[in-house]
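Residue-level structure breakdown
Spelled out, the chains give:
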Amino acid sequence: MPILHPRRGRRRVTYGSSAPAAVTATGRRGPALVVLCLVQFMLVLDDNVVSVALPSIRDDLGFTTAGLAWVVNAYFLAFGGLLLLFGRMADLWGRRRVFLIGVALFGAASLLCGLAREPWQLVGGRFVQGAGAAMASPASLALITLLFPGDKERAKALSVWGAVAALGGTSGLVISGALTGLASWRWIFLINLPVALLALVLLPRLVPESRTSRPVRLDVPGAVLGTGALVSLVYGLLRTESGWGRPAAAGSLLLAAALAFAFVTVEARSAEPLVPLSFLSFRVRAVANGATLLFSAAFYAMAFLLMVHLQTVLGYRPLAAGVAYLPYGAGILAGMWLSSRALIRFGMRPTLVASFLISAAGLVLLSGVAPGDGYASGVLPGMLVTSLGCGLSLPTLTVAALTGTTEENAGLGSAFLSSVQQVGGAVGVAVLVALATRRRNALAAAEGPRRAAAEGFSYALSVAAALLALGAVLIAVLLGKDRHTGHALDAEEAPARHGSRT
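Thresholds applied
Residues numbered from 1 in each chain as written. Predicted model: local features only at pLDDT ≥ 70, side-chain atom pairs only at ≥ 80, totals over all residues. Heavy atoms only, no water. Core = buried A, V, L, I, M, F, W, Y, C linked by side-chain atoms within 4.5 Å. Buried < 20%, exposed > 50% of the residue type's maximum accessible area, 1.4 Å probe, protein only. Helix = DSSP H or I, 4+ residues; strand = E, 2+ residues; numbered from the N terminus. Contact = heavy atoms within 4.5 Å. Expected span 1.5 Å × (residues − 1). Bend = angle between axes of the 7 residues up to and from the residue. Polar contact = N/O pair within 3.5 Å; in protein donor to acceptor, adjacent residues only side chain to side chain. 1 Å grid on protein atoms, 1.4 Å probe; cavity = no way out; pocket = protein on both sides within 12 Å on 5 of 7 lines; lining within 4 Å. Points joined across faces, edges and corners; volume = space filled by probe spheres on them. Nonpolar A, V, L, I, M, F, W, Y, C, P; charged D, E, K, R; others polar. pLDDT = per-residue confidence, 0-100. Phe/Tyr/Trp six-rings, centres within 6.5 Å; stacked < 30°, edge-to-face > 60°. Salt bridge = Lys/Arg side-chain N within 4 Å of Asp/Glu carboxyl O. Patch = residues over 30% accessible without salt bridge, like charges linked within 9 Å, V, L, I, M, F, W, Y side chains within 5 Å. Areas by Shrake-Rupley, 256 points an atom, 1.4 Å probe, with all protein chains shown as cover. Axes fitted to C-alpha atoms, helices over the stretch in contact; angles between N-to-C directions. Parallel < 35°, antiparallel > 145°, perpendicular 65-115°, else oblique. Left-handed = near helix turned anticlockwise from the far one by under 90°.

1. Thoughts on the nonpolar core
Of all hydrophobic cores here, the largest spans 137 residues; its most connected members are F99, L122, M302, F304, L305, F356 and L363. The element that contributes the greatest number of residues to this core is helix α4 (residues 65-93), accounting for 17 residues. Contacts of F304, omitting those with residues within four sequence positions, involve L54, L68, A69, V72, V429 and V433.

2. Topic: α4
Owing to its 3.6 residues per turn, the α-helix brings residues three or four apart onto one side. End to end, α4 covers 41 Å across 29 residues, agreeing with the expected 42 Å (1.5 Å per residue, within 8%). At L83, α4 shows its strongest bend, of approximately 50°. With 26 of 29 residues buried, α4 lies mostly within the body of the structure. N-cap assignment for α4: the residue whose side-chain oxygen lies 3.0 Å from the backbone N of G67 is T64. Just downstream of α4, G94 is the residue with a positive phi angle, here 120°.

3. Some points on the layout of surface pockets
Its volume calculated, the second largest pocket comes out at about 910 Å³. Along the walls of the second largest pocket sit 37 residues, with L230, L293, F416, V420 and V423 positioned nearest its centre. For the lining of the second largest pocket, the secondary structure elements donating two or more residues are α4, α10 (220-239), α11 (247-269), α12 (283-312) and α17 (410-447). With 9 residues, the top contributor of residues to the lining of the second largest pocket is α17. Of the residues assigned to the lining of the second largest pocket, the class counts are 26 nonpolar, 10 polar and 1 charged.

4. Quick look at the confidence of the model for the protein chain
In low-pLDDT regions, the fine details of the predicted coordinates are not to be read closely. When pLDDT is averaged along the protein chain, the result is 81; 84% of the residues meet or exceed 70. Ignoring residues within four places in sequence, the model shows residues 1-24, a span with pLDDT below 50, making 70 contacts including any to other chains. Within the model, pLDDT remains below 50 along residues 482-502, and this stretch shows 50 contacts once partners closer than five positions in the same chain are excluded.

5. Regarding the side chain of T292
The residue T292 is located in helix α12 in this model. A relative accessible area of 1% places T292 in the buried class. Once residues lying within four places of it in the same chain are set aside, the contact partners of T292 are L397, L417, V420 and Q421.

6. Side note on the packing of aromatic side chains
One pass over the structure, following the stated rule, counts 6 aromatic pairs. Ring plane angle 85° and centroid distance 4.7 Å describe the contact between F76 and Y300, whose orientation is recorded as edge-to-face. Residue F76 is found in helix α4, and its partner Y300 is found in helix α12; the two are separated by 224 residues along the sequence. For the residue pair F76 and Y300, the accessibility class agrees, reading buried in each case.

7. Structural notes on the pattern of salt bridges
A side chain with one charge can pair with a side chain of the opposite charge if their charged atoms come near. Taken as a whole and assessed by the stated rule, the structure comprises 3 salt bridges. Salt-bridge contacts for D59 lead to R58; the nearest nitrogen and oxygen are separated by 3.3 Å. Judged by its relative accessible area of 60%, D59 falls in the exposed class. Here R186 makes a salt bridge to D60, at a shortest N to O gap of 3.7 Å. Of this pair, R186 sits in the loop between α7 (151-182) and α8 (187-190) while D60 sits in helix α3 (residues 50-61), placing them 126 residues apart in sequence. Under the relative-accessibility criterion, R186 is labelled buried at 12%. For D60, a relative accessible area of 45% corresponds to the partly exposed category.

8. Comments concerning a nonpolar patch on the surface
On the surface, L38, L197, L198, V201 and L202 cluster together into a nonpolar patch covering about 390 Å² of accessible area. Per-element accounting of the nonpolar patch gives the leading share, 4 residues, to helix α9 (residues 192-206). With respect to the helices and strands, the residue V201 is situated in helix α9. Given the relative accessible area of 39%, V201 is considered partly exposed.

9. Focus on the packing of helix α5 (residues 95-114) against α9
Relative to each other, α5 and α9 sit at 160°, their axes nearing to 9 Å. The orientation of α5 with respect to α9, classified from their angle, is roughly antiparallel. Pair α5 / α9 crosses with left-handed handedness. Residues R96, F99, L100, V103, A104, F106, G107, S110 and L111 of α5 form the contact with α9, whose own contacting residues are N192, L193, A196, A199, L200, L203 and P204. Its residues placed into classes, the contact of α5 with α9 shows 12 nonpolar, 3 polar and 1 charged.

10. Some remarks on helix α6 (residues 119-147)
Look at α6: 41 Å from first C-alpha to last across 29 residues, which is about the 42 Å you get at 1.5 Å a residue. Of all 29 residues making up α6, 23 are buried, and the element is well covered by its neighbours.

Written as structure tokens, this is what we have:
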């Protein structure tokens, strides 16, 4: 999953009483990096660890299909909605302090999730988990950048941090399948407790406090309004499974629109908004983040629907479903390996258009997986094509989203991109799960529950493929013609890339 970068720039940093320790005590930097990477592994793991366990959670706690989506979306919404606020809070209150609060919050929420007896308890715990992750993840990366100030050593440390995060995203499904199949779904949450406790005990002894000396104002109203708008939007979309005209759906969507309008108004008047409007005035960044929204909506929903489909329709056990997903990780790695080469040879726009179309073709293949299909002939081909397109897209989208950023706003750019990924995923799961549920309910009487569920899955993945095709069209039309290798910049945007400070 995404690597989050907190906002940082040219400003003095004040340390705690053991000021030189972060830089000079090199003997502590290695253990500190290990602890920070272990926490990041835990956070990324929980981004997708529930996927395999969803059918077991549904049967144990009595979730509906739409309600089950909240187990995933509560985490995404809190993580994406609060990330920018907590990244700035870490600068103001102290990065170590915010990191430790976030880890403690995440650990407590994991315990609540593991002990949940009612659906609302699990959903509430997942939301608090997401809030804890939004505090800990950007503060963690900020601490690493301070611990390793040299360019080469910082690059090595961030490479380790990123590799551990990628490992967490890939192995989460297998770990979830093993714990759910051999023990209970509750252990996918309870396993976080030793990691959180270890970090809380060790990190204060390894890393001194640090904070910015520049006054930073927290845009709390903006964060509350923005997150409230997203929660209302997702709730309303999930309620549309029974029809758009139902009061619960229509009322929630209207509330989301009102909160979104209030958010834009507050941000326009704020002295230090969460995201300055000028930041998105750069066209390449705006297009890249818009494409990321569509990309995340399609892929997060695919992961949710495919895991439910493998176990509910194809009859896979949790462990088998997790292992079946391993080739997907291999396809992503292959796509990432190709991405840098394609970016250099063909440029940003052709690479993104091709990657989106490859991903769309893979989703079309997956949409044809029917009851009775074998793994090698039914599931695997679509999974490999989809994962190849995903791996090809991810690094290129990141490059596009950070095009034209400077030392002053590179952290803001990547933090905003991570927020867009989480929010896009939440909205995508809400929309496509609602569409799949409506399709299944409409066909259940005539086709039978298993066949109807397969038709709902196929319909939702076809819509996901259409979203990626739409993204390819928008990129081709709006991104601009490459003037330099690997950068999509129009002539009028080139000066902004070198001189703009927004």
